[in-house]
Amino acid sequence: MTDGLCGLTAKILGNRIIALLTVDSTNNYLKDNGEQLPNGTLCYTGWQQAGRGRLGRSWCAEEGQALAMSLLFKPSDGLEQLSLVCGLAVSRALSRLCGQMFQIKWPNDIVCGGRKVCGILCENRWTGNNGFVVAGIGVNLRQTAAAFEKAGLPYAVSLEMVSGQAFTVEKTAAAIVNELEPLWLRLKQEGFSSLRGEYEQGCITVGRPVRVLSLGGSILLEGIAVGIAEEGYLLVDSGSKIVPVSAGEVSVRGLDGYL
Ligand code: BTN
């Protein structure tokens, strides 16, 4: 199904829109079909049946409860920090939509009131002569506290829970794409250095005590998060030195829990 998106003002992102009633994963859809699709293609659904999260986790929601959207960026050059920039765009879009403060938990969880409302998964696909990036964004829209409790997600929250409003997948997707386009253009043209300060300002992790965990859950490092490096690494002051932490294989927690 291909259609326009009401409220979309971006010119390049969303120039092609694939709106699906349901799909296994919007990231899979664009990874499988990206070679034939133009830069900026948006694929979205309100019913993603086998969504994938960071670090091999799954990302699930019942039909109509969440937005799953992916954007195609080609070529992939110069987009190493795209996932952080997506986080900045989503935090701004949701703050604007709801009139409340949404912040980034490094690298790109979006949180409100200390709980996670959105996750982002960027994936690279290498093709014959050039690669592309698929940026996948999942936003909890209508789930209830009881649904999250049943799913064993104590730190999750939906937009409806924080704002009392039921946002549609279309309105939410359009708001995110509109916010992302100018930031993505700046990333391409000026590099992440031009956005780093804004990212740090919107990042709740910076300035907090953190614990860096391996995939197996063992503690690799504890310290104070003091900033974000040029490459997008989290800079952690361990007490004796500043350690750059890459998002690839670790998760970061506060000392008392999620934040
Ligand atoms: C995370 O926090 O672990 C990242 C979650 C990313 C979920 C989104 S939903 C749209 C896109 N399609 C997927 O299969 N995953 C991403």
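Sequence order as written defines residue numbering, which begins from 1 separately in each chain. The predicted nature of this model means local features are confined to residues of pLDDT at least 70 and side-chain atom pairs, given and counted, to a pLDDT of 80 or more, with totals for whole chains, interfaces and linings taken over all residues. Hydrogens and waters are ignored; side-chain quantities use all the structure's heavy atoms.

Participant: Can you help me understand the sheet that holds strand 5 (residues 66-73) in this one?
Facilitator: The strands making up a sheet are joined through hydrogen bonds of the backbone, oriented either antiparallel or parallel. When DSSP locates at least two bridges between a pair of strands, those strands are taken to pair. Starting at the N terminus, helices and strands are each numbered in turn, a helix being any DSSP run of H or I of at least four residues and a strand any DSSP run of E of at least two. Ordered by their spatial adjacency, seven strands build an open sheet running 1-2-5-9-8-7-6, and the pairing between neighbours is mixed. Looking at the sheet topology across the chains shown, the edges are occupied by strand 1 (17-20) and strand 6 (103-105). Recorded for the sheet is a direction-independent mean angle of 20° between the axes of neighbouring strands. Where strand 2 (residues 42-45) and strand 5 come together, four bridges link them in antiparallel fashion. By the bridge assignment, Tyr44 is partnered in strand 5 with Met69. Each of strand 5, strand 6, strand 7 (109-112), strand 8 (115-126) and strand 9 (131-140) touches helix 2 (residues 82-98); the most contacted strand, strand 8, lies at about 145° to it. Here the axes come from fitting lines to C-alpha atoms, over the contacting stretch only for helices, and the angles between their N-to-C directions go from 0 to 180 degrees. Here a residue-residue contact requires only that any non-hydrogen atoms of the pair lie within 4.5 Å.

Participant: Is there a simple way to explain the nonpolar core in this structure?
Facilitator: Within this scheme, the nonpolar core is defined by two criteria: the residues are buried Ala, Val, Leu, Ile, Met, Phe, Trp, Tyr or Cys, and they are joined through side-chain atoms within 4.5 Å. Only protein chains enter the accessibility calculation, which uses a 1.4 Å probe; a residue is then buried when its area is under 20% of its type maximum, exposed when over 50%, and partly exposed in between. With 63 residues, the main nonpolar core has Met69 and Phe73 as its most contacted residues. Looking at which element gives the most residues to this core, the answer is helix 2, with eleven residues. Non-local contacts of Met69, meaning those with residues more than four positions away in its chain, are made with Thr26, Leu42, Cys43, Tyr44, Ala135, Gly136, Ile137, Ala173, Ile176 and Val177. Membership of the second largest hydrophobic core comes to nine residues, among which are Leu30, Cys43, Phe132 and Val134.

Participant: Sorry, what's going on with the layout of surface pockets here?
Facilitator: A probe matching the size of a water molecule, rolled over the atoms, marks out where space remains unfilled. Of the grid points, spaced at 1 Å and generated over the protein atoms alone, those admitting a 1.4 Å probe that cannot get out make up cavities, while open sets with protein on both sides within 12 Å along at least five of seven lines make up pockets; any residue with an atom within 4 Å of a point is treated as lining. Grid points are joined across faces, edges and corners, and a volume is the space filled by probe spheres set on the points. Taken as a whole, the largest pocket encloses approximately 1,000 Å³ of empty space. Lining the largest pocket are 46 residues, and of these Ser58, Trp59, Cys60, Lys116 and Leu153 lie nearest its centre. The classification used treats Ala, Val, Leu, Ile, Met, Phe, Trp, Tyr, Cys and Pro as nonpolar, Asp, Glu, Lys and Arg as charged, and all other residues, Gly among them, as polar. In terms of residue class, the lining of the largest pocket is made up of 20 nonpolar, 17 polar and nine charged. Here the second largest pocket is characterised by a volume of approximately 510 Å³.

Participant: Hey, could you run me through the pattern of salt bridges in this one?
Facilitator: Side-chain pairs of opposite charge can arise whenever the charged atoms involved come near each other. The salt bridge definition used is simple: a Lys or Arg side-chain nitrogen within 4 Å of an Asp or Glu carboxyl oxygen. Within this structure, the stated rule accounts for ten salt bridges. Residues Glu123 and Lys31 are paired through a salt bridge, measuring 3.2 Å at the closest nitrogen-oxygen approach. With Glu123 in strand 8 and Lys31 in helix 1 (residues 26-33), this pair connects stretches of sequence that are 92 residues apart. Grouping residues by exposure puts Glu123 and Lys31 together as buried. Salt bridges sharing partners connect three or more residues here, namely Lys31, Arg52 and Glu123.

The quantities given are spatial measurements derived from coordinates; they are silent on function.
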